[in-house]
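# Observations on the three-dimensional arrangement
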Amino acid sequence: MFTESDGGRTSVDVVLPCLDEAGALPWVLDRIPAGYRAIVADNGSRDGSAEVARGRGATVVAVPERGYGAAVHAGLLAADADVVCVCDADASLDPARLPDLVALLASDLVDSTAGRADLVLGRRRPTSLRAWPPPARLGNAAVARRLRRRGVPVRDLGPMRAARRADLLGLSIADRRFGYPLELLLRATQAGWRIAETDVAYTPRIGRSKVTGTPLGAARAARDMSALLASIR
């Protein structure tokens, strides 16, 4: 596990942006690594997600402002750990893999095995076509190509990620909708962060996606990301 120079364990909080994920939360929360704290940022669920999360011992933060970025930011503000991870709450990603990301973060230890990144992303490897429909996968690849042309070394926008909380707050990310992950990468690159990726399995989610599951959601995501690419240089 990622450790500090004093030999103590680094605290880790896991922010789980959530909108109507009652069916997936039991599996997701049961897979949170020992010693990590789950923070469910509930974005107005009507299916009892908040109650399910509390019943599984998670901290629940009510987020009245709708939007993926709003939920992630509220969870980040509620966190108090040294390191904050973010993971979708729909069971498409396995939280048990989070220590692999945390281990790649830059450490204060003078150790050849210590991580060297300031931001670590889980690069999705779909287990089936249903896990990541071709239109969504192609859209992600197109945005990633544009990012690489701008010096951002990624092949996936990565809904699973890890970074130090203080550093994340210092980026002052403003997007509160679907563009949050993209703005994070653009701001991190501007700040000179070292960004790394590690492969993670991506499986069919439980329930319908709020982005790829509806034409309106996909259109909103495309709009938000296009605006960010045009505004941030």
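Residues numbered from 1 in each chain as written. Predicted model: local features only at pLDDT ≥ 70, side-chain atom pairs only at ≥ 80, totals over all residues. Heavy atoms only, no water.

Counting its regular elements, the protein contains eight helices and seven strands. Counting every position in the protein, which comprises 233 residues, the buried fraction comes to 52%. In the protein, 73% of the contacts between residues at least 6 apart in sequence involve partners at least 24 apart. Looking at the protein as shown, the accessible area adds up to about 10,600 Å², and 52% of this sits on carbon and sulfur atoms. (Helix = DSSP H or I, 4+ residues; strand = E, 2+ residues; numbered from the N terminus. Buried < 20%, exposed > 50% of the residue type's maximum accessible area, 1.4 Å probe, protein only. Contact = heavy atoms within 4.5 Å. Areas by Shrake-Rupley, 256 points an atom, 1.4 Å probe, with all protein chains shown as cover.)

Taken together, the three bridges between strand β5 (residues 119–126) and strand β6 (residues 161–164) define a ladder with antiparallel strand orientation. Its bridge partner being in β6, Leu-121 is matched across the sheet by Arg-161. Bridging between β5 and strand β7 (residues 195–202) involves eight bridges; their strand directions are parallel. What sits directly across from Gly-122, in β7, is Thr-198. (Pairing = 2+ DSSP bridges.)

Turning our attention to the packing of aromatic side chains. The final tally for this structure, using the stated rule, is two aromatic pairs. Plain terms: the ring middles of Trp-132 and Tyr-202 are 5.4 Å apart, the flat faces sit at 80° to each other, and that makes the pair edge-to-face. Here the residue Trp-132 occupies a position in the loop between β5 and α5 (134–149), and Tyr-202 occupies one in strand β7, the gap between them amounting to 70 residues. Assessed through its relative accessible area of 10%, Tyr-202 is described here as buried. Its end group placed over the ring of Trp-132, Arg-124 keeps NZ or CZ at 4.1 Å from the ring centre. (Phe/Tyr/Trp six-rings, centres within 6.5 Å; stacked < 30°, edge-to-face > 60°. Lys NZ or Arg CZ within 6 Å of the ring centre and 35° of its normal.)

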